[in-house]
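Below, each chain spelled out in residue letters.
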Amino acid sequence: MTEPLRIHTTSPDETQAVGRLLGERAQPGDVFLLCGPLGAGKTCLTQGIAWGLEVKEYARSPTFVLMTRYRGRLTLYHFDLYRINDPLEAWDLGLDEQLFGDGACVVEWAERAEEVFPEYSLWIDLDYAEEGDGRTITIAEVPARYQAMVESLKGFKHG
Ligand code: ADP
Ligand code: MG
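Residues numbered from 1 in each chain as written. Chains lettered and ligands numbered in written order. Predicted model: local features only at pLDDT ≥ 70, side-chain atom pairs only at ≥ 80, totals over all residues. Heavy atoms only, no water.

Asker: Sorry, what's going on with the site of ligand 1 here?
Answerer: Around ligand 1 sit 17 residues, and of these Thr9, Thr15, Gly39, Lys42 and Cys44 come closest. Between ligand 1 and the protein, one listed contact pairs an oxygen atom with a side-chain N or O atom of threonine 43 at 2.8 Å. Contact between ligand 1 and aspartate 133: a nitrogen atom at 3.5 Å from a main-chain N or O atom of the residue. Notes on ligand 1: free accessible area 570 Å², of which the protein chains cover 73%. Counting only elements with at least two residues in the shell around ligand 1, the list comes to α1 (12–24) and α2 (42–52). Counting residues per element, the shell around ligand 1 draws most heavily on α2, at three residues. Tallied by class, residues from the shell around ligand 1 come to five nonpolar, eight polar and four charged. (Near = heavy atom within 4 Å. Polar contact = N/O pair within 3.5 Å; in protein donor to acceptor, adjacent residues only side chain to side chain. Areas by Shrake-Rupley, 256 points an atom, 1.4 Å probe, with all protein chains shown as cover. Helix = DSSP H or I, 4+ residues; strand = E, 2+ residues; numbered from the N terminus. Nonpolar A, V, L, I, M, F, W, Y, C, P; charged D, E, K, R; others polar.)

Asker: Explanation requested: the coordination of the magnesium ion (ligand 2) in the structure shown.
Answerer: Around a metal, the perfect tetrahedron of four donors has angles of 109.5 degrees, and the perfect octahedron of six donors has angles of 90 or 180 degrees. For the magnesium ion (ligand 2), the full set of protein donor atoms is Thr43 (OG1) and Glu108 (OE), at a range of 2.1 to 2.3 Å. Taken together, the residues threonine 43 in helix α2 and glutamate 108 in strand β5 (residues 104–108) connect sequence positions 65 residues apart. (Donors = N, O, S within 2.8 Å, 3.2 Å for Na, K, Ca; no water.)

Asker: What should I look at first to understand the pairing of β5 in this one?
Answerer: Residues in a regular strand point their side chains to alternate faces of the sheet. Of all five residues making up β5, five are buried, and the element is well covered by its neighbours. Along β5, one buried face is formed by Ala104, Val106 and Glu108 and the opposite face, lined by Cys105 and Val107, is buried too. Across five bridges, the pairing between strand β4 (residues 75–80) and β5 is parallel. Looking at β5, one finds that leucine 76 is bridged to alanine 104. (Buried < 20%, exposed > 50% of the residue type's maximum accessible area, 1.4 Å probe, protein only. Pairing = 2+ DSSP bridges.)

Asker: What is the right way to look at a negative patch on the surface in this model?
Answerer: Taken together, the side chains of Asp86, Glu111, Glu114, Glu115, Asp125, Asp127, Glu130 and Glu131 define an acidic patch exposed on the protein surface. Summarising the element assignment, glutamate 111 is placed in the loop between β5 and β6 (122–128). (Patch = residues over 30% accessible without salt bridge, like charges linked within 9 Å, V, L, I, M, F, W, Y side chains within 5 Å. Salt bridge = Lys/Arg side-chain N within 4 Å of Asp/Glu carboxyl O. Lys, Arg positive; Asp, Glu negative; His and termini not counted. Charge placed at Lys NZ, Arg CZ, Asp CG, Glu CD.)

This is the structure in structure tokens:
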């Protein structure tokens, strides 16, 4: 476990750039759990992760379809749990199958089904910056399998 990491981003491009660093280092079975309020940059970060995985399509928020699959270096499963009322509904989406599969998973609103995720998931908190119109990306705990990846974020530079 390393100390918490907080990155301040000042534009959507920067949020995507952070995501790209994650996607470039993603391995089969990685699970990225994104939490934070509407507009905090979860979909934006996901787009970056997708590009880092060499996905050519544009990752939109799957709010209405709940899961979108993208083909890249790894298959990316993008979930959005905004609309679920009960964590059990997450299972109905086929979440477990993908969480324990060979692709990479990104889950927006993961806090809505906290208990269903594997222990080795990487929790990423996004929020509005306290000052200005930027955003913050916080990683409080880093399971061993993500340590090199998170280490690479420490080199993140603005602009
Ligand atoms: P969420 O999926 O968390 O609801 P989005 O990723 O859709 O949020 O982002 C909401 C808006 O915030 C988008 O218009 C996006 O371009 C913008 N945004 C993302 N990151 C930043 C940032 N660091 N600074 C300013 N605006 C940002
Ligand atoms: Mg979103």
